[in-house]
Amino acid sequence: MTPPRARTWGRRGHTPVIRVRGRSRRRTSVAALCCYKPGETARLIYRPRQHLLLKGARKSFSWQDYRDLLVRAHIQLDGPIVVVWDNLNTHLAAGLKKYEAEHDWLTTVRLPSYAPDLNPVEAVWSLVRRAMANTAFDTPHDLDRKLRRELRRIQLRPHLTDGCLTATGLAIDQPTSP
């Protein structure tokens with residue numbers, strides 16, 4: 001991921017240059033769920049993970065990692081879950097589909113093929129990237145700490161998570177009783 005850019009207080013015409021190491025043996029991945037329920041505050045549940053870039057090692061979340069995130073969300077939310085997935089290949093894995101079919105508390109809906117504008121989590125990543133703009137990290141630990149701090153900041157401000165849903169143009173309707 002290239003570092004995000006933002007404005008600077010540097011003199012006009014003199015672009016500040018910060019040297020960063022171009023190579024690291026670590027990669028940080030984050031999976032997040034924006035949770036909405038009518039009449040309750042919005043919640044953000046996330047799980048960061050560091051990967052060592054070794055030959056043959058996985059560089060991203062596996063379907064088991066997403067399954068574990070769903071189990072954590074089910075425990076925290078204490079109720080059935082409707083998950084709206086994008087079409088990431090890991091979300092379409094056979095193991096995850098089988099897990100979804102075996103559990104009645106889990107219902108899944110797929111977004112259209114390419115619809116990041118309908119995914120509230122994309123707005124969360126936008127908030128995180130904006131907060132981390134123009135920052136050069138000395139160590140992967142500094143990056144991890146800043147990432148967790150920003151996600152926690154969003155988590156403690158449910159109006160930000162509500163705003164992420166509003167940005168999609170979607171709305172949560174009250175269920176109608178038969």
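A short tour of the structure in this document, coming up. (Residues numbered from 1 in each chain as written. Predicted model: local features only at pLDDT ≥ 70, side-chain atom pairs only at ≥ 80, totals over all residues. Heavy atoms only, no water.)

Within the chain, the secondary structure is distributed over five helices and four strands. Secondary structure elements of the chain, listed N to C terminal, follow the sequence β-β-α-β-α-β-α-α-α. By the burial criterion, 30% of the 178 residues in the chain qualify as buried. Sequence-distant contacts in the chain: of pairs separated by 6 or more residues, those separated by 24 or more amount to 64%. Counting every atom, the chain has about 12800 Å² of accessible surface; 51% of that belongs to carbon and sulfur. (Helix = DSSP H or I, 4+ residues; strand = E, 2+ residues; numbered from the N terminus. Buried < 20%, exposed > 50% of the residue type's maximum accessible area, 1.4 Å probe, protein only. Contact = heavy atoms within 4.5 Å. Areas by Shrake-Rupley, 256 points an atom, 1.4 Å probe, with all protein chains shown as cover.)

As for its placement among the helices and strands, Lys 97 is situated in helix H2 (residues 94–102). Sequence separation between Lys 97 and Arg 67 is 30 residues; the distance between their C-alpha atoms is 10.0 Å. Once residues within four sequence positions are removed from consideration, Lys 97 is found in contact with Leu 92 and Arg 110.

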